[in-house]
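So you can see what is in the structure, the chains are spelled out below.
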Amino acid sequence: MARARKPMDVCQAAEKHWLSVVRATDEALTRNGIDVLNNKDAHNFRKQILQANGKEGVGMAKEYLAFENGLHGSCFYFEQCPEPLLRSLIKDAGQYIEKSRSIKLEQKDVTQRT
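Residues numbered from 1 in each chain as written. Predicted model: local features only at pLDDT ≥ 70, side-chain atom pairs only at ≥ 80, totals over all residues. Heavy atoms only, no water.

> Lay out the overall build of the protein in plain terms, naming residues and giving numbers.
Helix and strand content of the protein: four helices and zero strands. What you see in the protein, going N to C, is helices and strands ordered as α-α-α-α. Counting every position in the protein, which comprises 114 residues, the buried fraction comes to 38%. Nonlocal contacts in the protein, meaning residues at least 24 apart in sequence, comprise 70% of its contacts between residues at least 6 apart. (Helix = DSSP H or I, 4+ residues; strand = E, 2+ residues; numbered from the N terminus. Buried < 20%, exposed > 50% of the residue type's maximum accessible area, 1.4 Å probe, protein only. Contact = heavy atoms within 4.5 Å.)

Structure below.
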């Protein structure tokens with residue numbers, strides 16, 4: 001019989017996968033010659049760069065936002081994450097990470113908004 005998951009297990013799994021998404025995005029930016037921000041504007045900058053890079057980038061920006069809100073927000077901070085949702089987000093995060101390994105990005109002039 002499988003043990004019941006504690007809320008902390010869900011929180012830790014969510015945050016680890018969120019951080020994997022962030023790291024994969026930063027690696028994609030760096031691989032494409034884009035300097036990664038390391039300040040309070042970093043998440044917005046990542047989304048803006050992705051959005052400014054065509055259809056594939058917009059799709060990835062939407063996914064990034066979903067992971068930010070789902071894994072980092074609902075599952076980690078608010079502990080409001082049923083296991084089926086967590087499993088789905090983790091699966092989608094894995095696919096995002098795979099896509100991030102091959103995306104071509106260009107530095108765009110994006111306006112920082114907080």
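> How would you sum up the pattern of salt bridges? Please name residues and give values.
Per the stated rule, a full pass over the model turns up seven salt bridges. Salt-bridge contacts for K99 lead to E63; the nearest nitrogen and oxygen are separated by 2.7 Å. Of this pair, K99 sits in helix α4 (residues 83-100) while E63 sits in helix α3 (residues 54-77); the two residues are 36 residues apart in sequence, bridging distant segments of the chain. Across the pair E98 and R101 runs a salt bridge whose closest N-O atoms are separated by 2.3 Å. With a relative accessible area of 48%, E98 lands in the partly exposed category. (Salt bridge = Lys/Arg side-chain N within 4 Å of Asp/Glu carboxyl O.)

> Explain α4 to me, using residue names and the numbers behind them.
Over its 18 residues, α4 extends 25 Å from the first C-alpha to the last, a length consistent with the 26 Å expected when each residue adds 1.5 Å. By the burial criterion, the buried members of α4 are L86, L89, A93, Y96, I97 and S100. Axial view of α4: buried residues confined to an arc of 95°, hence all on one face. Counted as exposed and oriented over 90 degrees from the buried face of α4: P84, R87 and K91. (Expected span 1.5 Å × (residues − 1). Arc of directions from axis to C-beta.)

> Lay out the packing of aromatic side chains with the relevant residues and their values.
Inspection of every chain in the model, using the stated rule, returns three aromatic pairs. A ring pair is formed by F67 and Y96, whose centres lie 5.6 Å apart and whose planes are at 80°; its orientation type is edge-to-face. Linking F67 in helix α3 with Y96 in helix α4, this pair joins segments that are 29 residues apart in sequence. Each member of the pair, F67 as well as Y96, is classed as buried. Ring centres of F76 and Y77 lie 5.0 Å apart, and the angle between their planes is 75°; on these two criteria the pair is classed as edge-to-face. With relative accessibility at 23%, the residue F76 sits in the partly exposed group. (Phe/Tyr/Trp six-rings, centres within 6.5 Å; stacked < 30°, edge-to-face > 60°.)

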